[in-house]
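Spelled out, the chains give:
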Amino acid sequence: MSPALTPVQESPAEIQPAGFTPSVNDLAIKVGTVNGSGSQSANLAILRALYSMGIPCSGKNVFPSNIEGLPTWFHLRASAQGYVGHVLDPRILICMNEATARDDVLALRPGALCVYRDDFDLDPRTLRGDIQFFPVPFLKLVQEAYPPDKTDKLYRDRLRKVVNMVYVGVLASMCQIEMEAIEWGIRREFPGRKARAGEVNINAAAAGFRWAEASLPPERPYTVARIPGSWNKILIEGNKAAALGVLFGGASVLTWYPITPSSSLAEYAEDFLKHHRVDANGKCSFAIVQAEDELAAIGMAVGAGWAGARALTATSGPGTSLMAEFVGLAYFAEIPVVIIDVQRMGPSTGLPTRTSQGDVLKLHMLGHGDCRHLVLLPGSVEECYSFTIESLDLAQRFQTPVFMASDLDLGMNLWLTDPFRYPDRPLARGKVLTKEDLDRLGRFERYRDADGDGVCERTLPGTEHPLAAYFTRGTGHNEKSGYSERPDDWKRNLDRLARKLQTARPQLPAPVVDDNPHARVGLIAYGGTHYALVEARDLLAAEGIETSYCRVRALPLADAVFQFIERHERVYVVEQNRDAQLQTLLHAELCGTLANRLIPVNHYNGTPIAAENIVRPILAREQSPCTSGWPVAESAHEIDRAHPSCEPSTE
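Just so we're clear, the structure is a prediction, and the values are computed from it rather than from any experiment. (Residues numbered from 1 in each chain as written. Predicted model: local features only at pLDDT ≥ 70, side-chain atom pairs only at ≥ 80, totals over all residues. Heavy atoms only, no water.)

**Examining the overall build of the chain**
Now for step 1: Helix and strand counts for the chain come out as 21 helices and 22 strands.
Now for step 2: Its C-alpha atoms give the chain a radius of gyration of 27 Å, near enough to 26 Å, the size a compact globule of 651 residues would have.
Now for step 3: A separation threshold of at least 6 residues defines the contact pool for the chain, and within that pool the share at least 24 residues apart is 77%.
Now for step 4: Looking at the chain as shown, the accessible area adds up to about 27,600 Å², and 53% of this sits on carbon and sulfur atoms. (Helix = DSSP H or I, 4+ residues; strand = E, 2+ residues; numbered from the N terminus. Rg over C-alpha atoms; globule rule 2.2 N^0.38 Å. Contact = heavy atoms within 4.5 Å. Areas by Shrake-Rupley, 256 points an atom, 1.4 Å probe, with all protein chains shown as cover.)

**Observations concerning the side chain of asparagine 201**
Now for step 1: Relative to the helices and strands, asparagine 201 is located in helix α7 (residues 195-215).
Now for step 2: With relative accessibility at 5%, the residue asparagine 201 sits in the buried group.
Now for step 3: Looking at asparagine 201, its side chain comes within polar contact range of the main-chain oxygen of alanine 197, at 2.7 Å.
Now for step 4: If we skip the residues at most four places from it in the chain, asparagine 201 touches Val162, Met165, Ile186 and Phe190. (Buried < 20%, exposed > 50% of the residue type's maximum accessible area, 1.4 Å probe, protein only. Polar contact = N/O pair within 3.5 Å; in protein donor to acceptor, adjacent residues only side chain to side chain.)

**Some words on helix α10 (residues 294-306)**
Now for step 1: Under the 1.5 Å per step criterion, the end-to-end length of α10 is 18 Å for 13 residues, consistent within 8% with the ideal 18 Å.
Now for step 2: Restricting attention to buried positions, one finds in α10 the residues Glu294, Ala296, Ala297, Ile298, Gly299, Ala301, Val302, Ala304 and Gly305.
Now for step 3: The elements touched by buried residues of α10 are β10 (253-256), β12 (311-315), α11 (317-322), α12 (324-333) and β13 (337-343).
Now for step 4: Put simply, aspartate 293 is the residue that caps the front of α10, since its side-chain oxygen is 3.2 Å from the backbone nitrogen of leucine 295.
Now for step 5: Taken from the residues just after α10, glycine 308 is the one with a positive phi, measuring 110 degrees. (Expected span 1.5 Å × (residues − 1).)

**Some points on helix α8 (residues 238-248)**
Now for step 1: The buried count for α8 comes to 9 of 11 residues, which makes it a mostly enclosed element.
Now for step 2: Listing the buried residues of α8 in full gives Gly238, Asn239, Ala241, Ala242, Ala243, Leu244, Gly245, Val246 and Leu247.
Now for step 3: Backbone geometry just after α8 places glycine 250 at a positive phi near 75 degrees.

**Some details on the sheet that holds strand β18 (residues 521-526)**
Consider a sheet: its strands pair through backbone hydrogen bonds, and that pairing is either parallel or antiparallel.
Now for step 1: The 5 strands lie next to each other as β17-β19-β18-β21-β22, forming an open sheet whose pairing is mixed. Of all strands in the sheet, those bounded by a partner on one side alone are β17 (512-514) and β22 (598-602). In this sheet, neighbouring strand axes are inclined to one another by 20 degrees on average, regardless of whether the strands run parallel or antiparallel.
Now for step 2: When β18 meets strand β19 (residues 547-552), the two strands line up parallel, connected through 6 bridges. Counted as the bridge partner of tyrosine 526 is valine 552 from β19.
Now for step 3: Where helix α20 (residues 581-589) meets the sheet, its contacts fall on β18, β19, β21 (570-575) and β22, and the angle it forms with β21 comes to roughly 135 degrees. (Pairing = 2+ DSSP bridges. Axes fitted to C-alpha atoms, helices over the stretch in contact; angles between N-to-C directions.)

**Notes on the domain arrangement of the chain**
Now for step 1: Segmentation of the chain into domains returns domain 1 (26-223), domain 2 (236-417), domain 3 (435-473 + 489-506) and domain 4 (512-642).
Now for step 2: Distance between the C-alpha centres of domain 2 and domain 3: 25 Å.
Now for step 3: Tallying the contact residues gives 19 residues for domain 2 and 20 residues for domain 3.
Now for step 4: A buried area of about 1,700 Å², summed over both sides, lies between domain 2 and domain 3, and 60% of it is on carbon and sulfur atoms.
Now for step 5: Contact with domain 3 buries surface across domain 2, with Phe332, Glu334 and Phe398 losing the most and accounting together for 37% of the total.
Now for step 6: Joining domain 2 to domain 3, the criterion identifies 2 salt bridges.
Now for step 7: Here domain 2 and domain 3 share 10 residue pairs in polar contact (both at pLDDT 80 or more) between them.
Now for step 8: Of all the elements in the fold, those that place two or more residues in the side of domain 2 that touches domain 3 are α10, α12 and α14 (381-398).
Now for step 9: The residue inventory of the side of domain 2 that touches domain 3, partitioned by class, reads 9 nonpolar, 6 polar and 4 charged. (Domains from an automatic or database assignment. Buried area = accessible area lost by both parts, 1.4 Å probe. Salt bridge = Lys/Arg side-chain N within 4 Å of Asp/Glu carboxyl O. Nonpolar A, V, L, I, M, F, W, Y, C, P; charged D, E, K, R; others polar.)

**Quick word on the environment of tryptophan 490**
Now for step 1: Along the chain, tryptophan 490 turns up in helix α17 (residues 487-504).
Now for step 2: The exposure class of tryptophan 490 is partly exposed, given its relative accessible area of 41%.
Now for step 3: Sequence separation between tryptophan 490 and asparagine 478 is 12 residues; the distance between their C-alpha atoms is 7.6 Å.

**Description of the nonpolar core**
Considering soluble globular proteins, one finds that nonpolar side chains tend to be buried as a cluster.
Now for step 1: In this structure, Ile29, Ile92, Ile94, Cys114, Tyr167, Ile177 and Ile182 are the most contacted members of the largest nonpolar core, which totals 74 residues.
Now for step 2: Looking at this core, the element that brings in the most residues is helix α5 (residues 164-175), giving 9 residues.
Now for step 3: Among all residues touching isoleucine 182, those that are not within four sequence positions of it are Ala49, Val168, Ala172, Ile177 and Ala205.
Now for step 4: With 45 residues, the next largest nonpolar core counts Leu244, Phe272, Leu374 and Met404 among its residues. (Core = buried A, V, L, I, M, F, W, Y, C linked by side-chain atoms within 4.5 Å.)

**A few points about the pattern of salt bridges**
Now for step 1: Counting across every chain of the model gives 45 salt bridges.
Now for step 2: In this structure, arginine 128 and aspartate 130 form a salt bridge, with 2.8 Å as the shortest nitrogen-oxygen distance.
Now for step 3: A relative accessible area of 15% means that arginine 128 is categorised as buried.
Now for step 4: Here lysine 491 ties to aspartate 495 by a salt bridge, and the two come within 2.8 Å at their closest N and O atoms.

Now the structure itself:
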């Protein structure tokens, strides 16, 4: 590799400051526990309490793929500056899993606080002298709040789960989280018939709070305070946001096969559709099918799209691999269908509950032979919602498969967002001919490009007109949809499909560009990496490195992305995969020295990317003496770029 193509190291020599300084509304908490122990309700109660105090916050669940017994961690973030990305270095650690407590403690930065169960075999004197340890009598406190009941056969299991609420109260005291907000957060987790259990959990949190108030030192170095003013934000998962997009996007058929991390998307969508798309007589205006496998799911969705439905399926990386043949069929037969891929770590079965951006290149080119697909890349939960609607419209408008590539971090975690906007335009149907249209035209050839944009007219099954019928073929065909193996027919079809892709390019979500006129360094990212990158830019600026930022939102790439590269001497492409997949696509369209400006920053250990994962390698490279030897940007007229918008050869 040339120096410009060599990936920068994610974790070079220590660059971060040695410790923490006391802070208000700049909080990072890590809870180490055991999968299946019921800690999720406790963690979400804290998150909702912070939210109710008007503090920008986020929560990330890093959990194993078994049902219970293995270690799991929950990361809580609160930031008055609005940062909601992952944090590598928590200020407070809660140890509820003895098996991981030692490693979790050793990973802390100086100045951190560690709360742990006093019945753990954990000797602070042999571990660290630069952090504060607080042993808490969790069992004693939880039994005070939830006394033993010999008649309750499930008491021990319930006690095991209620104990987590004790650390909720301890944290409320340590961080000055309002107990009224904590109680609201707990009741939010135990609504309706669970209200009695909610009161038990509130008692446990109160016990932890009282103990901490009486037992902990008076100093509170890491605290939060209510931010006054209007608070018109919502907390929502990306999968639930996409499910709302299914509803408001007018989807009428959803097929799926259970696979982490996309299953909840289909389950949420089913709930929404059953609530809003069933008439007074119980008749549904939609169909949701849990198929026997991913092959059946995509086959049903393609069939529904051919029949005129706004159809989609939801899956993850292994599912899209199985769907390749049907996707190729839909591409060549020109059938609208949407595939939502909530990406996870691969290859093979991979890490089903870890996040990744490893499917981007595959989605853009999935199939056999010459396939190129439209791919939308949401970078927020709001875009998970709006891009689902947009995907359904694009599939109809261009009669082709459209992918939306989310990821586990975006899809399964709660994110803070503005309320979603109600759609302000009618649903797109594209070039669908009615009986009246056929009467007026007097002819219909399914694969004839009448206006040169690559998109042909189609009819829907059941159109009552003698000209409406046609053969749908995945094999070679001519403009009249008749079977053909003639080389000129085959090439004409492929050239037209390429032209259709170029017609779609300017109608895709445009990249979001924040140009800094003083910056020589550019940053390119996409998807959920956005949150970490926003914070990373501020950290780099504090070190004297000004940056511009281009967030890619769709494939094929827009001209604005290449123009962004032209304006900067060095461009770091930040991705959550090993092989720099977006950079591969950029290189395919760049030539000359311009391509050598791209420098990959790759994060692929399965955990959500943090600002530090971006700052450390860039800072190390920018401060290196060899950086001054980078090539100077050419003027715009000297830059040559191979671009697929060029007319295909007629040879």
